[in-house]
Amino acid sequence: MYKIGELSKLSRLPVKTLRYYGQEGLLVPDYIDEETGYRYYNAGKLSDCYRIIMLKGLGFSLGEIKELLSLPKENFSRLIQAKEDELLRLKAQTEERLHLLRTFNLTVKENASMYDIIIRKSDNIRLAYRRTIVSRKEEYGTLLAEMRRLVPDSISGSRTVIIDYETEFVSQDFDTGFGVEITGKLPKASGLCEKEISFPGDTASLVCSDTTCEEGIRALHKYVLDHDYQITGPVIRINYEDGTVEIKLSVAKLGEYDAERNEELNLPFVNDEDAVGRWERFDCLPCWEMFHPRKQKSAASGEPARELYFLPGGERYWCFGWTKGMLLSSFGYPRQTSRNKYTIQQMDGETFLFVELKGRNYFRGGLPEIWVFRKADSRSYTRSEIRITDEIPEFPADDASVIGEWNACDCVRDIDSFHPDSPFFPYEGLYWRRAEFLEGGAIRNSFQDAKDGSVQTDEPHIWSWVTGYVICHPSSTVSRYLFRELAGVTYLFIQWKSGDYSYGGSEPCWYVFQR
């Protein structure tokens, strides 16, 4: 047996520490001499010392170590896993702090203005309100002063509010809301309406001066985008009497893709005659409030649905189907299937369709966007007449270099963006997996089933090829193919004319194959 001094030398733990561990019940002596008070430890206690040193180095507290050492060895795994999970959380927090620190340092190096930006809940503000399209921002002060004169002093608060309903940069004709804070009921004679601005979710906020307001708004937008937030409302500027300005922006924090947000689309069909027909894309907005029937904000946002058809009987085409009150959609990778509420409203002599579209941000923890469409006509279209088709070429199938089996390795927007060492698209997400070009012009293609991940092979008569082109007969599309040699490897590029092309009119992407 070891005396406490001997154990201290062997374990390199101070005697004081060994005594403390004994008091805590962590390293209890095996024998204490009643006459001398000397503590004695058996040889197994040296192993316990080494375990304690190791576990402390891994971040375990003394209480956790005591619990671990009291457990049978086969039960260690549970507490070890809990500590691993804790360290992973700390790692994520540390990485986020490092990102913030680097961003802060970059801002300092660039001599940019610094703002304290916080994400928090915010209180509501009651306003006397007016919304109008203003030619120049220099008119803002005059409009607020006129509104202030219309509000009785007895109910007039100290703050004024400017709400920017634009979604992109514009240099004139600003869709803007103006408000004067009120504390009581607004008289009808004022000619103004009452409005309460609220912030039901998280809000990004900063405080600046009136002279640095535009710079502050840019800083707030940059912060939100850099930190992976979704913008869910307009920019709200709250003006105080001393020249201080508080800028607020409703946001939602985005995370990883959440498959649990997918919804079942097999709903019973209920007709809605008002919906049937063709709808033209009018706008895409963070929220309903930002819509204006005479002011498009982001019609050219890059989304593929430039038109939307409600086919009779709820017939599905491309990514969409429908039943009364609900647009059904299925698109994207990973797959995003959702029931999107729609409403139809008459405004300024036109009919508008508002869809609460659950897009990419929604599946990352965000909120639906508002897609707005304007009624073009009420015709009963069929799927075949709205589909884009190609003229089938009458060329020979005499390109011997393409014959054989090719395996897909990527899918890219354009050929020049393909890099063999850094695929653009994850392999597990590739729909087209294999193409076998047969002599005589037939092709045997294999595709991944989106539901169970299995790979299914089409019959050869569905696809065919002629020199320079691949033909899909069910959809009547003709896709170019060509070869590129990179680092001594020959790659086959084939245009992919999916529903985005056939119904959305988008440019086809390119599947990349390797022999």
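A brief report on the enclosed structure follows. (Residues numbered from 1 in each chain as written. Predicted model: local features only at pLDDT ≥ 70, side-chain atom pairs only at ≥ 80, totals over all residues. Heavy atoms only, no water.)

Remarks on the overall build of the chain
Link 1 in the chain: Helix and strand counts for the chain come out as nine helices and 27 strands.
Link 2 in the chain: A compact globule built from 515 residues should have a C-alpha radius of gyration of about 24 Å, whereas the chain, at 33 Å, is more than 25% larger.
Link 3 in the chain: Based on the C-alpha atoms only, the size of the chain along its principal axes is roughly 105 × 85 × 50 Å.
Link 4 in the chain: The buried share of the chain, taken over its 515 residues, is 41%.
Link 5 in the chain: In the chain, of all internal contacts separated by at least 6 residues, the share reaching a separation of at least 24 is 61%. (Helix = DSSP H or I, 4+ residues; strand = E, 2+ residues; numbered from the N terminus. Rg over C-alpha atoms; globule rule 2.2 N^0.38 Å. Buried < 20%, exposed > 50% of the residue type's maximum accessible area, 1.4 Å probe, protein only. Contact = heavy atoms within 4.5 Å.)

Digging into the sheet that holds strand β17 (residues 350–357)
Sheets are built from strands paired through backbone hydrogen bonds, the pairs being either parallel or antiparallel.
Link 1 in the chain: Reading across the sheet, the seven strands line up as β13-β12-β18-β17-β16-β15-β14 and stay open at both edges, with antiparallel pairing between neighbours. In this open sheet, the two edge strands, each paired with only one partner strand, are β13 (307–310) and β14 (320–323). Each strand axis lies, on average, 30° off the axis of its neighbour in the sheet, ignoring direction.
Link 2 in the chain: Taken together, the four bridges between strand β12 (residues 277–285) and β13 define a ladder with antiparallel strand orientation. Across the sheet, residue glutamate 280 finds its bridge partner in β13, namely glutamate 307. (Pairing = 2+ DSSP bridges. Axes fitted to C-alpha atoms, helices over the stretch in contact; angles between N-to-C directions.)

Examining the nonpolar core
Link 1 in the chain: Membership of the largest hydrophobic core comes to 24 residues, with the highest contact counts inside it found for Leu308, Phe310, Tyr317, Phe320, Leu353, Val355 and Trp371.
Link 2 in the chain: Every element with two or more residues in this core is listed here: β12, β13, β14, β15 (326–331), β17 and β18 (369–377).
Link 3 in the chain: Residues contacting leucine 353, with those up to four places away along its chain left out, are Trp279, Leu308, Phe310, Tyr342, Thr343, Ile344, Trp371, Val372 and Phe373. (Core = buried A, V, L, I, M, F, W, Y, C linked by side-chain atoms within 4.5 Å.)

Structural notes on the packing of aromatic side chains
Link 1 in the chain: For the structure shown, the criterion picks out 40 aromatic pairs.
Link 2 in the chain: Between phenylalanine 291 and phenylalanine 352 the ring centres are 5.2 Å apart and the planes differ by 70°, which places this aromatic pair in the edge-to-face class. Here phenylalanine 291, found in the loop between β12 and β13, pairs with phenylalanine 352, found in strand β17; they are 61 residues apart in sequence, far enough to count as distant. Accessibility classification places phenylalanine 291 together with phenylalanine 352 in one group, the buried group.
Link 3 in the chain: Between the aromatic rings of tryptophan 432 and tryptophan 496, the centroid separation amounts to 5.3 Å while the plane-to-plane angle is 45°, which identifies the pairing as tilted. A residue pair is termed long-range when its members are at least 10 positions apart, and tryptophan 432 in strand β20 (residues 432–437) and tryptophan 496 in strand β26 (residues 489–496) qualify at 64 residues. The same class applies to tryptophan 432 as to tryptophan 496, namely buried. (Phe/Tyr/Trp six-rings, centres within 6.5 Å; stacked < 30°, edge-to-face > 60°.)

Some remarks on the packing of helix α1 (residues 4–11) against helix α2 (residues 15–23)
Link 1 in the chain: One way to put it is that α1 packs onto α2 with a least axis distance of 9 Å and a crossing angle of 110°. Taken together, the axis directions place α1 and α2 in an arrangement best described as roughly perpendicular. Residues Ile4, Gly5, Leu7 and Ser8 of α1 form the contact with α2, whose participating residues are Val15, Leu18 and Arg19.
Link 2 in the chain: When grouped by side-chain class, the residues that make up the contact of α1 with α2 number four nonpolar, two polar and one charged. (Parallel < 35°, antiparallel > 145°, perpendicular 65-115°, else oblique. Nonpolar A, V, L, I, M, F, W, Y, C, P; charged D, E, K, R; others polar.)

Remarks on the sheet that holds strand β3 (residues 39–41)
Link 1 in the chain: Read across the sheet, three strands follow the order β1-β3-β2 without closing on themselves; strand pairing throughout is antiparallel. The sheet is open, and its two borders are formed by β1 (2–3) and β2 (31–32), each paired with just one other strand.
Link 2 in the chain: Note: β1 against β3, two bridges, orientation antiparallel. When the bridges of β3 are listed, lysine 3 appears paired with tyrosine 40.

What about unusual backbone geometry?
Link 1 in the chain: Even without being glycine, tryptophan 318 reaches a positive phi, approximately 50°.
Link 2 in the chain: In this structure, tryptophan 318 sits in the loop between β13 and β14.
Link 3 in the chain: For serine 476, which is not glycine, the phi dihedral falls at a positive 55°.
Link 4 in the chain: Its location among the elements puts serine 476 in the loop between β24 (469–472) and β25 (477–486).
Link 5 in the chain: Its relative accessible area of 24% is what places serine 476 among the partly exposed residues.

What to know about the pairing of strand β7 (residues 174–182)
Link 1 in the chain: Summarising burial for β7: nine of the nine residues are buried, a large majority.
Link 2 in the chain: Side-chain alternation along β7 places Phe174, Thr176, Phe178, Val180 and Ile182 on one buried face and Asp175, Gly177, Gly179 and Glu181 on a second face that is also buried.
Link 3 in the chain: Two elements, strand β5 (residues 125–134) and β7, share eight bridges in a ladder whose sense is antiparallel. Residue isoleucine 133 lies in a different strand from β7, and its bridge partner there is aspartate 175.

Structural notes on the pattern of salt bridges
Link 1 in the chain: Scanning the model with the defined rule gives 28 salt bridges in all.
Link 2 in the chain: Between glutamate 246 and lysine 248 there is a salt bridge, with the nearest N and O atoms lying 3.0 Å from each other. As far as the burial class goes, glutamate 246 and lysine 248 line up, both buried.
Link 3 in the chain: A salt bridge links lysine 497 to aspartate 390, with the nearest nitrogen and oxygen atoms 2.9 Å apart. Remark: aspartate 390 occurs in the loop between α8 (383–386) and β19 (404–412) and lysine 497 occurs in the loop between β26 and α9 (499–502); sequence separation between them is 107 residues. For the pair shown, lysine 497 and aspartate 390 are each scored as buried.
Link 4 in the chain: Members of the salt-bridge network, linked through shared partners, are Arg278, Glu280, Glu307 and Asp377. (Salt bridge = Lys/Arg side-chain N within 4 Å of Asp/Glu carboxyl O.)

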